[in-house]
Amino acid sequence: MAIKALRTPDARFAELPDWRYAPHYIDDLPGYEGLRMHYVDEGPADAEVTFLCIHGEPSWAYLFRKMIPVFTGAGGRAVAVDMFGFGRSDKPVDDETYTYHFHRNALLAFVERLDLKNICLVVQDWGGVLGLTLPMAAPERYTRLIVMNTGLPGGEEAPEGFAMWRAFNRSQPDLDVAALMKRATPVLSDAEAAAYAAPYPDISYKGGVRRFPELVMLKEQGKDLTPASAEGVETSLAARKFWSQDWTGESFMAVGMQDPVLGPPAMKALRKMIRNCPEPMEIADGGHFVQEWGEPVAKAALKEFGVG
């Protein structure tokens, strides 16, 4: 049965600051027929390295606008995908449609459809919660990792910062995305903050935004995991094993030090899970959305990798 979904009008994406990238679409991913997924695809298709950029909550490909030029300037191909429910991708109207494997399987199908190879995975927030599970499904495709402010939750009790965020999100079914982004990242201009809100004309477009915090594989104090939050535990634990035992590629970590949820303690724990991950680049004034400091992060990563 077809999934009922909304499509954000193109006019919402006109004249966004520092966003000059032509949209690309796929609407026939296996299992997602009829749903249109958007992605940015810049640089040569036959580039030696493909930088696969995966956003989190409640952002979209716009988050990588400061990193994409660095990657393409070094001769790479930059692919930044919008997950369903976000950005220019279609937005299922039923909140229950959004599950851990709904998102993960779509990303796996996307990588297969584009036949991406020699991938440098570039992830943050849910981009990492999901994206860090992709290489174990096709390790021959992935050779490098740039990881920022994220984690691989495995059913533990939620730290206070995340518990507060999830409670806040539940209280805001029509979340003011622009205000959230501005509060989390004060360096944003009003126009940039508004660009993050562009995909969501009204509350009916925000199912994906509402659902992501409920899917995080962390339990509330004194309670068991919900069915929604339990779904990804097994996959996430398998990914931890992959990164600690089987990963043979190069890694680069950057940490927004002002992130109250996925800042230094969380990233220290994640670094221990990633085999041969070097000391992180610390962005002293960077918050959760550390890609807003993306130009120096990308340049440092390429220097570490010897790319470009």
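Above: the structure in question.
The rules behind each value
Residues numbered from 1 in each chain as written. Predicted model: local features only at pLDDT ≥ 70, side-chain atom pairs only at ≥ 80, totals over all residues. Heavy atoms only, no water. Salt bridge = Lys/Arg side-chain N within 4 Å of Asp/Glu carboxyl O. Helix = DSSP H or I, 4+ residues; strand = E, 2+ residues; numbered from the N terminus. Buried < 20%, exposed > 50% of the residue type's maximum accessible area, 1.4 Å probe, protein only. Pairing = 2+ DSSP bridges. Right-handed = clockwise from strand over helix to strand, strands pointing away. Contact = heavy atoms within 4.5 Å. Phe/Tyr/Trp six-rings, centres within 6.5 Å; stacked < 30°, edge-to-face > 60°. Axes fitted to C-alpha atoms, helices over the stretch in contact; angles between N-to-C directions. Left-handed = near helix turned anticlockwise from the far one by under 90°. Nonpolar A, V, L, I, M, F, W, Y, C, P; charged D, E, K, R; others polar.

Undergrad: Explain the pattern of salt bridges to me, please; I cannot follow it from the model alone.
TA: Opposite charge on two side chains allows them to pair when their charged atoms are near. Counted under the stated rule, the structure contains 21 salt bridges. Across the salt bridge formed by Arg113 and Asp28, the nearest N and O atoms sit 2.6 Å from each other. Remark: Asp28 occurs in the loop between strand E2 (24-26) and strand E3 (37-42) and Arg113 occurs in helix H2 (residues 100-114); sequence separation between them is 85 residues. Exposure remark for Arg113: the relative accessible area of 38% places this residue in the partly exposed category. The salt bridge partner of Arg65 is Glu292, with a shortest N-O separation of 2.8 Å. Of this pair, Arg65 sits in the loop between strand E4 (50-54) and helix H1 (68-73) while Glu292 sits in the loop between strand E10 (281-283) and helix H11 (294-305); the two residues are 227 residues apart in sequence, bridging distant segments of the chain. Taken individually, Arg65 and Glu292 each receive the classification buried, so the pair is uniform in this respect. A network of salt bridges, in which partner residues are shared, links Arg65, Lys66, Glu192 and Glu292.

Undergrad: Mind showing me how you'd approach the pairing of strand E8 (residues 142-148) here?
TA: The side chains of a regular strand alternate between the sheet's two faces. Across the 7 residues that make up E8, a large majority, 6, are buried. Sheet topology places strand E7 (residues 119-124) next to E8; 6 bridges connect them, and they run parallel. Bridge pairing in E8 links Ile119 to Tyr142. Running through helix H3 (residues 126-131), the crossover from E7 to the neighbouring parallel element E8 is right-handed. For E8 and strand E9 (residues 250-256), the ladder comprises 5 bridges, and the chain directions are parallel. Its bridge partner being in E9, Leu145 is matched across the sheet by Ser251.

Undergrad: Would you explain helix H6 (residues 190-197) in this entry?
TA: Every α-helix carries 3.6 residues per turn, so stepping three or four residues along brings you back to the same face. Among all positions of H6, only Glu192, Ala193, Ala195, Tyr196 and Ala197 are buried. For H6, the secondary structure elements touched by its buried residues are helix H5 (177-184).

Undergrad: How should the packing of aromatic side chains be read in this particular structure?
TA: Any two aromatic rings considered together are summarised by their centre-to-centre distance and by the angle between their planes. Here the structure, examined in full by the defined rule, presents 19 aromatic pairs. Aromatic pair Phe242 and Trp247: ring centres 6.4 Å apart, planes at 55°, arrangement tilted. Exposure class is identical for Phe242 and Trp247. Each is buried. Of the aromatic side chains, those joined through ring pairs into one cluster are Phe13, Trp19, Tyr21, Trp60, Tyr62 and Tyr196.

Undergrad: What is the right way to read the packing of helix H4 (residues 160-170) against helix H7 (residues 207-215) from this model?
TA: For any two helices packed against each other, the geometry comes down to the angle between their axes and how far apart the axes lie. Close contact between H4 and H7 brings their axes to 9 Å; oriented N to C, the two are set at 145°. Relative to H7, H4 is oriented so that their crossing is left-handed. Along the contact surface, H4 presents Phe162, Trp165, Arg166, Asn169 and Arg170, while H7 presents Val209, Arg210, Pro213 and Glu214. Grouping the amino acids of the contact of H4 with H7 by side-chain chemistry returns 4 nonpolar, 1 polar and 4 charged.

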